[in-house]
Amino acid sequence: MATESTTAGLGTFPAGTVEPAYVLTGAPTTDPAGVFSDISGADGTFWARARSFVQEEVLPVIAGYWERGDYPLHLVKRLGELDLLRDGVNLDGFAPMSKMAAGLVMMELSRGDGSIGTAVAVQGGLALRSIAYCGSDEQKNRWLPALARAQQHGAFALTEPTHGSDSVGLETSATATEGGFLLNGEKKWIGNGSIGGITVVWARGDDGQVHGYLVPQDSPGYLATTIEGKASLRAIWQAHIRLEGVFVPDSNRLPDANSFKDTSRVLVATRLGVAWSAVGHATACYETAVQYAAQRKQFGRPLAASAIVQERLARMQSELATMQLMVVQMTRLDEAGALTPAQASLAKFTCTRTARSVAANARDLLGGNGILITNRVARHMADIEAIHTYEGTESIQALIIGRSITGISAFN
Ligand code: FAD
């Protein structure tokens, strides 16, 4: 069938081509083990809202933003308007949101695009959660509703150029001065760190402990540069930040952030969200592969008619079901207050590495079309690389799991 379409499936291609316009953005429900069959009520409402947003507002535009390395801030604003931005942190004046709902939303947004999922992870999961866990009542009233509604942008600055996996050794300093603190140091990879708004900066106080500080991004001495040249998560911006004697008033220190343990509480709470994000990426890759295999013909029949292709689809489905079962079970534990840090690590460890496998298989199944950004898979494949690394790399998760197995810390 010849077509002159320039929009469906493959994006722009020559008029008159004999190649069909593959439709790859339909949304078949992918739940082979029935793990989501009992999702209903408020959880189902959040999930459905995220799904509509992805289908109607994200998928039609995101490949262009990704390719240009542009951050679609209007979509972040929509996340706030749709109450999809707070990652399960419950706030007065907002509908109750369960951990399951937060996971489903993260999965769904990442199924659309990793940068959109990451925007929620950064603003809701990390910045908003830090203030909710460690802030004063005044700080909570001032910032939480505004961050949840995307009336303000929020960032979380922990990582430094020379302290990634060992962020516990961070060197940014907060020196007491009259009426507040002077912050000096550098932060790297800070999502939302260069777009205006507020950054939660983790720095070492005079007592040698790590504390949290709320730093408006227009503070004198806060110098942020957007990191360019990324091959992953291209539709969100991360910043390299220099803090040169930034004055932070006493009222902007988070009163309940007094050691790295408090930072870790925030990080552990978001780790499972990264696993959900991996499920979303893998779902997108699997769904695209299924649709492509049905539409792409070689040797006079659809790829899907080949036994080898069916085996590959079965393998991908098996991997996807494993991931789904893992995140749903861990979230049930989390809702019961029983999730351990090692279990959260097991979920992230399992899901991001499995998503990599699903993406690689899907990419190959799409042949040359698999490397075109408009065909979804390559974009997800690249984005999985970032979530595989952030919030603790695969090896760091393995060390946390290994410590819980053996009782021996192998970090040093
Ligand atoms: P390194 O720590 O240098 O690790 C390099 C390699 O060495 C990895 O494979 C790692 O597993 C391995 N390794 C390290 N230590 C050990 C060990 N003891 N044993 C065995 N192997 C080891 N940070 C923030 O604070 N805020 C953000 O908003 C944020 N967003 C991010 C967004 C993106 C896209 C990325 C890529 C990163 C982001 N980060 C953010 C930082 C992220 O958390 C770090 O990149 C991550 O913790 C890894 O640190 P690193 O990149 O310095 O790698």
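Residues numbered from 1 in each chain as written. Predicted model: local features only at pLDDT ≥ 70, side-chain atom pairs only at ≥ 80, totals over all residues. Heavy atoms only, no water.

1. Comments concerning the site of the ligand
Among the 20 residues in the neighbourhood of the ligand, the closest are listed as F156, T159, S165, W189 and T393. Side-chain polar atom of S165 to an oxygen atom of the ligand: 2.6 Å apart, as the coordinates give it. Contact distances for the ligand include 2.6 Å between an oxygen atom and a side-chain N or O atom of T393. Contact with the protein chains removes 66% of the 980 Å² of surface that the ligand exposes when unbound. Those elements that provide at least two residues to the shell around the ligand are β3 (180-191), α10 (377-389) and α11 (394-406). Each residue belonging to the shell around the ligand can be placed in one class, and the counts come to eleven nonpolar, eight polar and one charged. When residues of the shell around the ligand are assigned to domains, at least three fall in each of domain 2 (154-259) and domain 3 (261-406). (Near = heavy atom within 4 Å. Polar contact = N/O pair within 3.5 Å; in protein donor to acceptor, adjacent residues only side chain to side chain. Areas by Shrake-Rupley, 256 points an atom, 1.4 Å probe, with all protein chains shown as cover. Helix = DSSP H or I, 4+ residues; strand = E, 2+ residues; numbered from the N terminus. Nonpolar A, V, L, I, M, F, W, Y, C, P; charged D, E, K, R; others polar. Domains from an automatic or database assignment.)

2. A look at the pattern of salt bridges
Inspection of the entire model under this criterion finds 18 salt bridges. E160 is paired through a salt bridge with K187; the nearest N and O atoms lie 3.0 Å apart. Linking E160 in the loop between β1 (154-157) and β2 (173-177) with K187 in strand β3, this pair joins segments that are 27 residues apart in sequence. By relative accessible area, E160 is classed as buried at 5%. The exposure class of K187 is buried, given its relative accessible area of 1%. One salt bridge connects E186 with R242, and the closest N-O pair in it is separated by 3.0 Å. Separated by 56 residues along the polypeptide, E186 in strand β3 and R242 in strand β7 (residues 238-249) bring together distant segments of the chain. Residues joined in a network through salt bridges with shared partners are R51, E108, R111 and E287. (Salt bridge = Lys/Arg side-chain N within 4 Å of Asp/Glu carboxyl O. Buried < 20%, exposed > 50% of the residue type's maximum accessible area, 1.4 Å probe, protein only.)

3. Considering the packing of helix α7 (residues 260-295) against α10
Where α7 meets α10, the axes come as close as 9 Å, and the angle between the chain directions of the two elements is 160°. By the criterion of interaxial angle, the relationship of α7 to α10 is roughly antiparallel. Viewed along their axes, α7 and α10 form a crossing whose handedness is left-handed. Contact residues: α7 offers V274, S277, A278, H281, A284, C285 and T288, while α10 offers V377, H380, D383, I384 and I387. A class-by-class count of the residues in the contact of α7 with α10 yields seven nonpolar, four polar and one charged. (Axes fitted to C-alpha atoms, helices over the stretch in contact; angles between N-to-C directions. Parallel < 35°, antiparallel > 145°, perpendicular 65-115°, else oblique. Left-handed = near helix turned anticlockwise from the far one by under 90°. Contact = heavy atoms within 4.5 Å.)

4. A few points about the layout of surface pockets
For the largest pocket, the calculated volume is near 1,300 Å³. As for the largest pocket, its lining consists of 44 residues, of which T159, G164, S167, E391 and G392 are closest to the centre. Breaking the lining of the largest pocket down by element, the ones donating at least two residues are α5 (114-134), β3, α7, α10 and α11. Top element by residues in the lining of the largest pocket is α7. It accounts for six residues. The residue makeup of the lining of the largest pocket, split by class, is 20 nonpolar, 15 polar and nine charged. Of the volumes computed, that of the second largest pocket is approximately 400 Å³. In terms of lining, the second largest pocket is formed by 26 residues, of which the most central are K99, R129, Y133, A269 and D334. For the lining of the second largest pocket, the secondary-structure elements that each account for two or more residues are α4 (99-112), α5, α7, α8 (307-335) and α9 (341-365). (1 Å grid on protein atoms, 1.4 Å probe; cavity = no way out; pocket = protein on both sides within 12 Å on 5 of 7 lines; lining within 4 Å. Points joined across faces, edges and corners; volume = space filled by probe spheres on them.)

5. Focus: the domain arrangement of the protein
Under the domain assignment, the protein is made up of domain 1 (41-148), domain 2 (154-259) and domain 3 (261-406). Between the C-alpha centres of domain 2 and domain 3 there is a distance of 30 Å. At the junction of the two partners, domain 2 supplies 13 residues and domain 3 supplies twelve residues. Where domain 2 touches domain 3, the interface holds zero salt bridges. When grouped by side-chain class, the residues that make up the side of domain 2 that touches domain 3 number seven nonpolar, four polar and two charged.

6. Quick notes on the nonpolar core
By size, the foremost hydrophobic cluster in this structure holds 68 residues, and its most contacted members are F36, F53, L109 and W276. Looking at this core, the element that brings in the most residues is α7, giving twelve residues. Two domains each provide a minimum of three residues to this core, namely domain 1 (41-148) and domain 3 (261-406). Apart from the residues lying within four places of it in its own chain, the contact partners of L109 are A50, F53, V54, L79, L84, I116, G117 and V120. Ranked by size, the runner-up nonpolar core spans 26 residues in total, among them V89, L158, W202 and V266. (Core = buried A, V, L, I, M, F, W, Y, C linked by side-chain atoms within 4.5 Å.)

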